[in-house]
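Single-letter residue listing:
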Amino acid sequence: NFKHLLLPHVPWKYLPTGQIYNTSAKDPIPGISRQSYPDANQVDQLQLRHLLQVGYADLKIRKLIARLKKVGIYDRSLVVVLADHGVHFEQGVFDRRRAKPATLESIAPVPLFVKLPNQKRGEVNRAIVETTDVMPTIAEVLGVDPPEPTDGRSVFSDAVRERDVVKMLPRDFSDWMRVDGDEFAARKQALVDAKVARFGVGADGPDRIYAVGPNAELVGRSVAELAGAGESDMSVELVDPGAYDDVDPEGPIVPTWVTAKVDGADGDRRDVAIAVNGRIAAVSNTFRLAHRENDILAAMIPPSSLRAGANDVQVYEVTPS
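Predicted, not measured: the structure shown is a model, and the values here were computed from it.

S.K.: Which residues make up the environment of Thr-259, and what values do they have?
M.R.: Here Thr-259 shows up in strand 6 (residues 257-263). Considered as a pair, Thr-259 and Pro-8 are 251 residues apart in the sequence and their alpha carbons are 21 Å apart.

S.K.: Break down the environment of Gln-42 for me, with residues and values.
M.R.: With respect to the helices and strands, the residue Gln-42 is situated in helix 1 (residues 40-70). We classify Gln-42 as buried; its relative accessible area is 3%. Separated by 242 residues in sequence, Gln-42 and Ser-284 place their C-alpha atoms 8.1 Å apart. In this structure Gln-42 touches Ser-36, Ser-284, Asn-285, Phe-287 and Ala-298, once residues within four positions along its chain are discounted. Engagement of the side chain of Gln-42 in a polar contact is seen with the side chain of Ser-284, the distance being 3.4 Å.

S.K.: Kindly report on a negative patch on the surface, identifying the contributing residues and their values.
M.R.: A cluster of like negative charges, contributed by Asp-240, Asp-245, Asp-246, Asp-248 and Glu-250, occupies part of the molecular surface. Mapped onto the elements of the fold, Asp-245 is located in the loop between strand 5 (235-238) and strand 6. Residue class for Asp-245 comes out exposed when judged on its relative accessible area of 52%.

S.K.: If you had to explain the nonpolar core to someone new, which residues and values would you point to?
M.R.: Of all hydrophobic cores here, the largest spans 40 residues; its most connected members are Leu-48, Met-300 and Ile-301. Mapped onto this core, the elements with two or more residues apiece are helix 1, strand 6, strand 7 (271-276), strand 8 (279-285) and strand 10 (295-300). Not counting residues up to four positions away in its chain, the partners in contact with Met-300 are Leu-15, Tyr-21, Gln-45, Leu-48, Arg-49, Leu-52, Tyr-210, Thr-256, Trp-257 and Ala-282. Ranked by size, the runner-up nonpolar core spans 9 residues in total, among them Ile-128, Met-168, Met-177 and Val-179.

S.K.: A description of the packing of aromatic side chains should follow, citing residues and the corresponding values.
M.R.: Throughout the structure, instances matching the rule amount to 4 aromatic pairs. A ring pair is formed by Tyr-14 and Tyr-56, whose centres lie 4.5 Å apart and whose planes are at 20 degrees; its orientation type is stacked. On the criterion of sequence distance, the pair formed by Tyr-14 in the segment before helix 1 and Tyr-56 in helix 1 is long-range, its members being 42 residues apart. The exposure class of Tyr-56 is buried, given its relative accessible area of 13%. Taking the centre distance of 5.3 Å and the plane angle of 65 degrees together, the rings of Tyr-37 and Phe-94 count as edge-to-face. With a gap of 57 residues between them, Tyr-37 in the segment before helix 1 and Phe-94 in the loop between strand 1 (79-82) and helix 2 (104-107) connect regions that are remote in the sequence. Classification of Phe-94 as partly exposed rests on a relative accessible area of 34%. A cation over an aromatic ring shows up here: Lys-69 above the ring of Tyr-74, its NZ or CZ 5.1 Å from the ring centre. Here the guanidinium or amino end of Lys-167 rests over the ring plane of Trp-176, the centre of that ring lying 5.0 Å away.

S.K.: So what's going on with the sheet that holds strand 9 (residues 287-288)? Which residues, and what values?
M.R.: Here we have 4 strands laid out as an open sheet, ordered 5-6-10-9, and antiparallel in their pairing. A strand with exactly one partner marks an edge of an open sheet, and here the two such strands are strand 5 and strand 9. Pairing between strand 5 and strand 6: 4 bridges, direction antiparallel. Within the sheet, the bridge partner assigned to Leu-238 lies in strand 6 and is Ala-260. On the sheet, helix 1 packs against strand 6, strand 9 and strand 10 and is oriented at approximately 35 degrees with respect to strand 10.

S.K.: Describe in detail the pairing of strand 6, supporting the description with residues and values.
M.R.: Extensive coverage of strand 6 is indicated by the burial of 5 of its 7 residues. Inspection of the sheet shows strand 6 paired to strand 10 by 6 bridges, in the antiparallel sense. The partner of Val-262 across the bridge, within strand 10, is Asp-295.

S.K.: Can you lay out a positive patch on the surface for me, pointing to particular residues and giving the numbers?
M.R.: Taken together, the side chains of Lys-3, Lys-60, Arg-62 and Lys-63 define a basic patch exposed on the protein surface. By the element assignment, Lys-60 lies in helix 1. Residue Lys-60 is classed as partly exposed on the basis of its relative accessible area, which comes to 33%.

What counts as what
- Residues numbered from 1 in each chain as written.
- Predicted model: local features only at pLDDT ≥ 70, side-chain atom pairs only at ≥ 80, totals over all residues.
- Heavy atoms only, no water.
- Helix = DSSP H or I, 4+ residues; strand = E, 2+ residues; numbered from the N terminus.
- Buried < 20%, exposed > 50% of the residue type's maximum accessible area, 1.4 Å probe, protein only.
- Contact = heavy atoms within 4.5 Å.
- Polar contact = N/O pair within 3.5 Å; in protein donor to acceptor, adjacent residues only side chain to side chain.
- Patch = residues over 30% accessible without salt bridge, like charges linked within 9 Å, V, L, I, M, F, W, Y side chains within 5 Å.
- Areas by Shrake-Rupley, 256 points an atom, 1.4 Å probe, with all protein chains shown as cover.
- Salt bridge = Lys/Arg side-chain N within 4 Å of Asp/Glu carboxyl O.
- Lys, Arg positive; Asp, Glu negative; His and termini not counted.
- Charge placed at Lys NZ, Arg CZ, Asp CG, Glu CD.
- Core = buried A, V, L, I, M, F, W, Y, C linked by side-chain atoms within 4.5 Å.
- Phe/Tyr/Trp six-rings, centres within 6.5 Å; stacked < 30°, edge-to-face > 60°.
- Lys NZ or Arg CZ within 6 Å of the ring centre and 35° of its normal.
- Pairing = 2+ DSSP bridges.
- Axes fitted to C-alpha atoms, helices over the stretch in contact; angles between N-to-C directions.

Shown next as structure tokens:
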């Protein structure tokens, strides 16, 4: 059985529960998922949305495993989970999937899980594995000979264990990009460490991942306990304010992506806090898309910040004092 699941590929619209926050493949503000790369915080927001959709991919795999166990074939099954390429998030970089020598640690590593028939315990194999190794691995486990010679080798072979160079072709197949295996592992670990520092880990609780952006220490605080400094010279218009009039937190659609048009920022980066029912649910800043001259803002809020029925969403400017 082969299943091609287009997750966590764009369009990013899924929460880890499988609920969606955007009912359309189109963005509420055109280009907001494709052209917000000039602003560092919005790059983080894009990565946040990607990670949430990764969580939904995890859920689908979990349901698959549960189904295999329910029908009694999990133990004797060979299960392989694989992705085709990674994704690169960097301020100023528009193409998030193009492999270059400087972005290999983001694009080249992909998930590869192999559960052997009757395997009871998991382990980590740190050999340098290539996607062309997957089919020879399946053939070896099943005891069949591939009909044609293959470029790859079984992931359990000596040939794979002896590799010490990571290589990848660019999309135009022009020439191999190569990097020493130890250097690649160090670069990849640095990327993971930075991501964990920014978004936390599961042990931090389900809402930690949303606490990104300027003045993140405000997330979770009551607006009433913060000092007000008067009216801002900006005005904010939510793209879909009606989405918060009658929310069902358990329903298929949860409006956790707050997007708005901003007037009065005049191209300056202004820090903001988004409060839901009197408590700050997210922080962000105003920004402009590439090739556009209007100020906007966008941020993900945790589903836990929303209650059943009507919700009050307010946007505040945050000043240094």
